[in-house]
Amino acid sequence: MDAIVIGGGIGGLTLALALHATGKARRIRVFEAAAEMRALGIGINIGAHAMKELSALGLEDELVATSCQPQDYAFFTRHGQLVYREPFGKAAGHQWPHIALLRPDLQRVLLGAVRERIGPENFITGHRCTGVEQNGERVTAHFAEPDGAALPSQQGDVLIACDGIHSAVRTQYYPDEGPFKFRGFNLWRGVTVHKPFLTGASIARIGARHATMIIYPLRRNYDGQGNLLLNWVCEIEREVAVPVDWNKPGRLEDFYPTYQDWVFDWMDVPALIRNAEQILSYPMVDRDPLPRWSFGRVTLLGDAAHPMYPQGGNGGAQAILDAATLARLFQSEADPVAALKAYEAARLPPTSKIVVQNRTAPPNVIVDTVEQRTGGRRFDRLEDVISQDEMKAIFESYQKVAGYHVQQVSRPQG
Ligand SMILES: Cc1cc2nc3c(=O)[nH]c(=O)nc-3n(C[C@H](O)[C@H](O)[C@H](O)COP(=O)(O)OP(=O)(O)OC[C@H]3O[C@@H](n4cnc5c(N)ncnc54)[C@H](O)[C@@H]3O)c2cc1C
């Protein structure tokens, strides 16, 4: 099989590696729009469900060495009061780690393995896919240079569009989708070097509804002086969306005032924000789930197939799961067109469920529930507001839909 992969992001790179591991593909070529691979993005979470797949590709040690493994997940009110804490990742009994790392580090590890395993000549930059065509036998991809000049078209047996949230291939099949769905929240994201807080490997989620924040470490001993590199994301209700661009710089004055009195005995949030090395903004946008992804010899994968709210740490993880599933199906199905259909049947329903769940019941429902019952005031006794069992049920229900509950991840692959 001769496979064309469009997009050298997390999904496209993982697919190239997973296809290579099956030994089924005669040729795998990845075409990436960017002329050069720059270190882009900040923190990204890869849960145990996706790490299981990356471990099978032999990448666990390298990824663990460049990341942080959270040990617990703690929820706080906007007054800094702890409401719920659970062990997380391996501490929760997972066989594979949950890691948090700089996206450029993830990209570097994946890209290094791709160049080594499929050959540097098969990772082709400066090729923006502008459209696809197919007949019964072959698929043809058309390309342009970054400046718009046309490049020679390429043919293959199958084409997998891993071209991200602004997917050109998706637009070809769904030309009337219109703008992204904006649900009235913008994110401001940053990284700050900071002394260890809570357990030193905690994910902290603070606040409810109109303004929340999540903080987690990406690296331990980042500066050789024992400090963490912390990733933080502020989410605030807003009427107008910021641009849908992963690399859009954010302005302090647009969100800092909301957090300037969030000073707790375990974290000085305003100082954390002020000391950031880099601040980016991004809107909470997604798209409605699609009725189909596979069209003959072409399919969609990752954000091109199911753009979801960037929360719950699932955008990258679901792209990795798509890639691993598709590679397994290419191995078990003799007919590649049947494999693409089987992949759609396996992955479209669960990812659609996550898209919807992220809209209606994101993980911070725990604190939302507490703040609704207290009217947003400090509580004296948490047990008068909510039980541990109720919070555990909310937390576990999100993990199950997101696909990283311990019982799900421990099942055999495929
Ligand atoms: C620059 C960038 C920074 C990001 N930063 C973060 C972050 O800080 N935190 C986080 O959680 N997530 C971040 N993400 C998103 C996250 O990586 C993805 O949501 C997730 O990994 C899904 O993977 P994907 O492969 O579907 O898409 P992506 O990882 O977004 O990859 C898509 C790739 O396709 C390429 N491409 C786009 N259009 C074309 C085309 N027409 N032809 C050829 N190639 C094309 C893009 O250049 C990109 O390399 C970022 C994504 C990008 C592209």
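See above for the structure.
On a predicted model such as this, the values are computed, not experimentally measured, just so you know.

1. Considering the overall build of the protein chain
- Across its full length, the protein chain carries 12 helices and 17 strands.
- When its C-alpha atoms are laid out on the principal axes, the protein chain stretches across 70 × 45 × 45 Å.
- When each of the 414 residues of the protein chain is scored for burial, the buried share is 48%.

2. Observations concerning unusual backbone geometry
- The backbone of R209 shows a phi angle near 45°, a positive value even though the residue is not glycine.
- Among the secondary structure elements, R209 is positioned in the loop between β13 (202-208) and β14 (211-219).

3. Remarks on the sheet that holds β13
- Read from one edge of the open sheet, 7 strands run β5-β4-β13-β14-β15-β12-β16, paired in mixed fashion. Each edge of the open sheet carries a strand with a single partner, namely β5 (82-87) and β16 (278-286). Pairs of neighbouring strands in the sheet enclose a mean axial angle of 20°, with direction left out of account.
- Bridge count for β14 against strand β15 (residues 228-237) is 8 bridges, and the pairing is antiparallel. Across the sheet, residue Y216 finds its bridge partner in β15, namely N231.

4. Points about the packing of helix α1 (residues 10-22) against helix α4 (residues 103-118)
- Viewed as axis vectors pointing N to C, α1 and α4 meet at an angle of 35°, and their least axial separation amounts to 9 Å. Regarding α1 and α4, the two cross each other, and that crossing is left-handed. Where α1 approaches α4, its residues I10, L13, T14, A16, L17 and H20 are matched on the opposing element by L106, L110, L111, A113, V114, R117 and I118.
- Classifying every residue of the contact of α1 with α4 by side-chain character gives 10 nonpolar, 2 polar and 1 charged.

5. Points about the packing of helix α2 (residues 48-56) against helix α8 (residues 315-332)
- Where α2 contacts α8, the two axes come as close as 9 Å, and the packing angle between them is 45°. By the criterion of interaxial angle, the relationship of α2 to α8 is oblique. Here α2 runs over α8; the crossing is left-handed. Contacts between α2 and α8 pair H49, A50, E53 and L54 from the former with A317, I320, L321 and A324 from the latter.
- Tallied by class, the residues present in the contact of α2 with α8 amount to 6 nonpolar, 1 polar and 1 charged.

6. Some details on the sheet that holds strand β2 (residues 27-31)
- Across the sheet, which stays open at both edges, the 5 strands sit in the order β7-β2-β1-β11-β17 with parallel pairing between neighbours. Whereas interior strands pair on both sides, the edge strands pair on one side only; in this sheet they are β7 (123-124) and β17 (298-300).
- Of the pairings in the sheet, the one linking strand β1 (residues 2-6) to strand β11 (residues 158-161) comprises 4 bridges and is parallel in character. Across the sheet, the residue bridging to V5 is I160, located in β11.

7. Some details on the environment of L82
- On the secondary structure map, L82 appears in strand β5.
- The partly exposed category is assigned to L82, around which 14 C-beta atoms lie within 10 Å.
- Aside from chain neighbours lying at most four places away, what touches L82 is A74 and F76.

8. Topic: the site of the ligand
- In the region of the ligand, 33 residues are neighbours, and G7, G9, G11, G41 and G302 sit closest.
- Those elements that provide at least two residues to the shell around the ligand are α1, β3 (43-46), β8 (128-134) and α8.

9. What to know about the nonpolar core
- Core analysis: the biggest nonpolar cluster contains 117 residues, and I6, L15, I160 and L301 have the highest contact counts within it.
- Per-element tally for this core: the top contributor is α8, with 10 residues.
- Each residue touching L15, except ones within four places of it in the same chain, is listed here: V5, I160, C162, L301, A323, L326 and A327.

10. Some thoughts on the pairing of β1
- Burial analysis of β1 places 4 of its 5 residues in the buried class, the great majority of the element.
- Examined bridge by bridge, β1 and β2 share 5 bridges and lie parallel to one another. Of the residues in β2, the one forming a bridge with I6 is F31.
- Taken together, β1, α1 and β2 constitute a β-α-β crossover, and its handedness is right-handed.

11. Notes on helix α10 (residues 365-374)
- Taken residue by residue, α10 has I366, V367, V370 and E371 as its buried positions. Projected down its long axis, α10 carries its buried residues within an arc of 120°, all on one side.
- G375 occupies a position one or two residues after α10 and carries a positive phi of about 65°.

12. What about the environment of G41?
- Structurally, G41 can be placed in the loop between β2 and β3.
- Note on G41: 19 C-beta atoms within 10 Å, which makes it partly exposed.
- For the pair G41 and L280, spaced 239 residues apart in sequence, the C-alpha separation works out to 8.7 Å.
- Other than its neighbours up to four places away in sequence, G41 contacts R103, P104 and W246.

Definitions and limits used
Residues numbered from 1 in each chain as written. Predicted model: local features only at pLDDT ≥ 70, side-chain atom pairs only at ≥ 80, totals over all residues. Helix = DSSP H or I, 4+ residues; strand = E, 2+ residues; numbered from the N terminus. Buried ≥ 20, exposed ≤ 12 C-beta atoms within 10 Å, placed from the backbone. Pairing = 2+ DSSP bridges. Axes fitted to C-alpha atoms, helices over the stretch in contact; angles between N-to-C directions. Left-handed = near helix turned anticlockwise from the far one by under 90°. Contact = placed C-beta atoms within 7 Å. Nonpolar A, V, L, I, M, F, W, Y, C, P; charged D, E, K, R; others polar. Parallel < 35°, antiparallel > 145°, perpendicular 65-115°, else oblique. Near = placed C-beta within 6 Å. Core = buried A, V, L, I, M, F, W, Y, C linked by C-beta atoms within 7 Å. Right-handed = clockwise from strand over helix to strand, strands pointing away. Arc of directions from axis to C-beta.

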